[in-house]
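What follows is each chain in one-letter form.
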Amino acid sequence: MVAVLRRLKCVVAYDGTDFSGFQVQPDQVTVQGEIEAALQRITGEEIQIVGSGRTDAGVHARGQVIHFDTASSIPLEKWGLVLNNQLPDAIVVRSVEEAESTFHARFDVQIKEYRYCIDNNPVADVFRHRYADHVRFPLDVEAMQRAARHLVGEHDFTSFCSAKTYVEDKVRTVYDLKVEREGREVWVTCRGNGFLYNMVRIIVGTLVEVGQGKRLPDELVDILAARDRERAGKTAPAKGLTMWEVVY
């Protein structure tokens, strides 16, 4: 008798500090590896999960989406509890729902939202250091926002991706890019149809230089046009970045 497979869609949150990124890697502790090991313990099946995107070592997620197929008869309403009982504390399954067999966590994505947190205070907050990059000098948020406007829209983001990127097509669409101060923290929120390797972190690193007065906001026009990674700013540390939401 052929087993009937169900496709389950999960929203997953994790603290990426102690993981070597989302994707499985040999001899490394990864988010995907931990979830797949938990699924094997639960079902006895060798299940490969599919994520909406990869996150690098140290990057967090609040709304990573995964899907997987299983023949298990565990009731839908029990899946979240069962999975969370098997996962390390740094990974939490926030919701589980049954999806159409054609649903694909990666290929069906319409919008991804990333948020970057900067602890902009003379003295770092010890309780935020895992989730925010500490920049102790004051930042001109208005200048950063003026600079950010130049990156909204469809552009070739070669200047804002790692030189290690092997993707040939570097054209992406940024739907919204906001820089906002919330108390002692500065948040950069980026929504787009997809992102290149280190793209958001390089954007943030460049905007921070604008906020420090090291660059003028209008310089980002020339940086984009140059299509040269050397023209943009530093890559901001991974710990401040969170995959916030994925929209289908």
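These figures come from a predicted structure and were not determined experimentally.

### Quick look at the pattern of salt bridges
Line of reasoning, step 1. Throughout the structure, instances matching the rule amount to 14 salt bridges.
Line of reasoning, step 2. Across the pair D119 and R184 runs a salt bridge whose closest N-O atoms are separated by 2.9 Å. In this pair, D119 is assigned in strand 5 (residues 111-119) and R184 in the loop between strand 8 (171-182) and strand 9 (185-192), connecting sequence segments 65 residues apart.
Line of reasoning, step 3. We classify D119 as buried; its relative accessible area is 3%.
Line of reasoning, step 4. The closest approach of N and O atoms between E245 and R191, which form a salt bridge, is 3.6 Å. Placement of E245 in strand 10 (residues 241-247) and of R191 in strand 9 is noted, with a sequence separation of 54 residues between them.
Line of reasoning, step 5. Using a relative accessible area of 22% as the deciding quantity, one classes R191 as partly exposed.
Line of reasoning, step 6. Ionic contacts of the salt-bridge type, sharing partners, join the residues E113, R115, R191 and E245 into one network.

### Structural notes on the packing of aromatic side chains
Line of reasoning, step 1. Enumeration over the complete set of coordinates arrives at six aromatic pairs.
Line of reasoning, step 2. When the ring of W187 is compared with that of W244, the centres are 5.9 Å apart and the planes differ by 75 degrees; the resulting orientation is edge-to-face. Pair noted here: W187 is in strand 9 and W244 is in strand 10, with a separation of 57 residues, a long-range link. The burial state of W187 is the same as that of W244; both residues are buried.

So, how was this worked out
Per chain, residues are indexed from 1 in the order of the written sequence. Where local features are concerned, this predicted model is filtered to residues with pLDDT of at least 70; where side-chain atom pairs are given and counted, the filter is 80 or more; whole-chain, interface and lining totals use all residues. Note that water and hydrogens are dropped before the side-chain values are worked out from all heavy atoms of the structure. Note on definitions: salt bridges are taken to be side-chain nitrogens of Lys or Arg within 4 Å of carboxyl oxygens of Asp or Glu. A helix here means a DSSP run of H or I that spans at least four residues, while a strand means a run of E at least two residues long, and both kinds are numbered starting from the N terminus. The classification of residues rests on relative accessible area computed with a 1.4 Å probe and restricted to protein chains. Under 20% of the type maximum is buried, over 50% is exposed, and intermediate values are partly exposed. Only Phe, Tyr and Trp rings take part, Trp by its six-membered ring, and two of them pair if their centres are within 6.5 Å. Stacked means planes under 30 degrees apart, edge-to-face means over 60, and tilted covers everything else.

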